[in-house]
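Coordinates in review
Spelled out from the first residue to the last, the chains are:
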Amino acid sequence: MKMKQVLVIGGGASGLVAAIACARGGASVTVLEARKKIGTKLLTTGNGRCNYTHTGEIGQAYRGKSAGFAREVLSNFSSDDTIAFFRDLGIYPLNRDNWVYPHSEQAASVLKALSEELSRLGVKIKTNEIVTEIRRDATSPHPFTVRTKTWHYEGDAVIACCGSPASLKESFPNLDLLTPFRLKSRPYHPALTYLTTSDKKAAAQWAGVRARAGAALYTEERRCDLIWQETGQIQFTARGISGIPIFNMSSLAGRELAFGHHPFVLMDLFPFGSERELLSFMNEVKSHAPKKTIQDLASGLLPDKLIPLVLPPSVTTTEAAAHAVKNFSVPVTGTGPLSASQVAGGGIDPTSLDPSNMMVRSVPGLYVTGEMLACDAVCGGWNLQLAWSTGYLAGKSAAKF
């Protein structure tokens, strides 16, 4: 029986797992990677520690209309399946509040394990191969032809794992490769990135501060409607605000800005107690030291750089001070660019695909996975999990196609 020829475009997270699953299914697999090495973006995940999956409830982890698609995909290849897959490759899981890392806490360990398995299976890796065109001719012995700047390759199936422009400085024409197949797509936009503010004077003053706080996203047009809320470490920078809670709301803030709205983040700088508890504490301190100013009372509550911003001289009572600490508003004027985003929103509309195997419904033998899909998620391993899941399902299916 003739061995199937499968071409995987992209040597990132989903592409490498797709290649492994496909080769395990008995196919001859060639990975075409535009860069000098495979897995370069993978090495930066989790700040180099690779938070490779999440074992908690999906909840609102995936965004918008694609959330149902993501749930279905993960039902076919779950976080438990991912942990078992990598455990077989020698990666022992380290679970920290459902955020799962390799026990080495090195993304390089994950890439090394994948690379060794690819080598063991005889997968061919072609680097510096920039794909320029994908063609399909159903009458040909090998229906697909993939052209690069230097060569052309023929295959029975193609798995497009080209990633997204997130964190890249160069131009990224990956969706153009699929234009001939007339798939629905959405423009890329920043996700998991920082937010900028119009209050440049405040930003210059608070730069370098880190504080644990609650962060709630609202917009002036719908002030009573909470868009996103989360508590965690906030980083105050010269551009605005950052940190995981901010990353998780950034694509939603960008959407509000695109609608012409005026979003703002309302911060609770005393997140583990009520306003009444905070007021009681401040009054207690004031009773022991009547000469303390309102600003003096905050010295044990807030970082020094935040005190004059949260409690300016106009705040003169403990009641007003407690309310100000629990309701510090930061106007949002923009998001970080795609080049500064961990992932990108937008991409191929997943309704074009079969979530059980990631094949394009209208183009037999063509698969799309990972960051190419319009299906982004919050921090915590969810985006990598979708990459592993879509890659594995596509590879397994392509081997049988």
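The following paragraphs examine the structure supplied in this document. Just so it is clear, the model here is predicted, and its values are computed rather than measured. (Residues numbered from 1 in each chain as written. Predicted model: local features only at pLDDT ≥ 70, side-chain atom pairs only at ≥ 80, totals over all residues. Heavy atoms only, no water.)

1. Thoughts on the pairing of strand 17 (residues 328-331)
- Of the two faces of strand 17, the one holding Phe328 and Val330 is buried and the one holding Ser329 and Pro331 is not buried anywhere.
- In the sheet, strand 16 (residues 263-268) pairs with strand 17 via four bridges, with the strands oriented antiparallel. Along strand 17, the bridge assignment pairs Val265 with Val330. (Buried < 20%, exposed > 50% of the residue type's maximum accessible area, 1.4 Å probe, protein only. Helix = DSSP H or I, 4+ residues; strand = E, 2+ residues; numbered from the N terminus. Pairing = 2+ DSSP bridges.)

2. A few points about the environment of Leu118
- In this fold, Leu118 is placed in helix 4 (residues 107-121).
- Sequence separation between Leu118 and Ala19 is 99 residues, and the spatial gap between their C-alpha atoms is 7.5 Å.
- Those residues in contact with Leu118 that sit more than four places away from it in its chain are Leu16, Ala19, Ile20, Ile38, Val123 and Ile125. (Contact = heavy atoms within 4.5 Å.)

3. A word on the packing of aromatic side chains
- Considering all chains together, one arrives at nine aromatic pairs under this definition.
- Plain terms: the ring middles of Tyr62 and Trp382 are 5.9 Å apart, the flat faces sit at 75 degrees to each other, and that makes the pair edge-to-face. Pair noted here: Tyr62 is in the loop between strand 3 (53-54) and helix 2 (67-76) and Trp382 is in helix 11 (residues 382-400), with a separation of 320 residues, a long-range link.
- Of the residues examined, Tyr62 reaches a relative accessible area of 4% and is grouped as buried.
- Aromatic pair Tyr218 and Phe264: ring centres 5.8 Å apart, planes at 20 degrees, arrangement stacked. Placement of Tyr218 in strand 13 (residues 209-219) and of Phe264 in strand 16 is noted, with a sequence separation of 46 residues between them. Like Phe264, Tyr218 is buried.
- Each residue in the set Tyr52, Phe77, Phe85, Phe86, Trp388 and Tyr392 is aromatic and connected to the rest through ring pairs, giving one cluster.
- Directly above the ring of Trp228 sits Arg63, whose terminal nitrogen or CZ lies 4.5 Å from the centroid. (Phe/Tyr/Trp six-rings, centres within 6.5 Å; stacked < 30°, edge-to-face > 60°. Lys NZ or Arg CZ within 6 Å of the ring centre and 35° of its normal.)

4. Here's the deal with helix 4
- Spanning 15 residues, helix 4 covers 22 Å between terminal C-alpha atoms, matching the ideal 21 Å at 1.5 Å per step.
- Along helix 4, the positions that sit buried rather than exposed are Ala107, Val110, Leu111, Ala113, Leu114, Glu117 and Leu118. Relative to the axis of helix 4, the buried residues are bounded by an arc of 160 degrees and lie together on one face. Residues Lys112, Ser119 and Arg120 are exposed on helix 4 and point more than 90 degrees away from its buried face.
- Its buried side turned inward, helix 4 meets helix 1 (13-24), helix 3 (79-88), strand 5 (99-102), strand 6 (124-126) and helix 11.
- Where helix 4 ends, the next residue or the one after it, Gly122, has phi of about 80 degrees, a positive value. (Expected span 1.5 Å × (residues − 1). Arc of directions from axis to C-beta.)

5. Things to note about the nonpolar core
- Ranked by size, the top nonpolar core spans 123 residues in total, and within it Tyr62, Leu114, Leu178, Phe236, Ile241 and Trp388 carry the most contacts.
- The greatest single-element share of this core, amounting to nine residues, is contributed by helix 11.
- When near neighbours in sequence (up to four residues on either side) are disregarded, Tyr62 contacts Ala67, Ala70, Leu74, Cys375, Asp376, Ala377, Trp382, Gln385 and Leu386.
- Counting five residues, the second-largest nonpolar core is a separate cluster that includes Ala191, Leu192, Phe247 and Val343. (Core = buried A, V, L, I, M, F, W, Y, C linked by side-chain atoms within 4.5 Å.)

6. Side note on the sheet that holds strand 8 (residues 144-148)
- Ordered in space as 7-8-9, the three strands form an open sheet in which the pairing is antiparallel. Looking at which strands have only one partner, the edges of the open sheet turn out to be strand 7 (131-136) and strand 9 (152-155). Pairwise comparison of adjacent strand axes, ignoring direction, gives a mean angle of 15 degrees for this sheet. (Axes fitted to C-alpha atoms, helices over the stretch in contact; angles between N-to-C directions.)

7. Considering the state of the cysteines
- Overall, the coordinates contain zero disulfides when judged by the stated rule.
- The thiol sulfur of Cys162 is not disulfide-bonded, and the nearest other cysteine sulfur, from Cys161, lies at 7.1 Å. (Disulfide = S-S within 2.5 Å.)

8. Examining the sheet that holds strand 17
- The antiparallel open sheet is built from seven strands, whose spatial order is 17-16-13-14-15-12-18. Every interior strand has two partners, whereas the edge strands, strand 17 and strand 18 (334-335), have only one.
- Here nine bridges tie strand 13 to strand 14 (residues 228-236), and the two strands are oriented antiparallel to one another. Directly across from Ala213, in strand 14, lies its bridge partner Gly232.
- Helix 6 (residues 244-258) rests against strand 12 (195-196), strand 13, strand 14, strand 15 (240-242), strand 16 and strand 18 of the sheet, and its axis sits at about 115 degrees to strand 14.
- The strands touched by helix 10 (residues 318-326) within the sheet are strand 16 and strand 17, with strand 16 carrying the most contacts at an inclination of about 120 degrees.

All we've got here are geometric facts, nothing functional implied.
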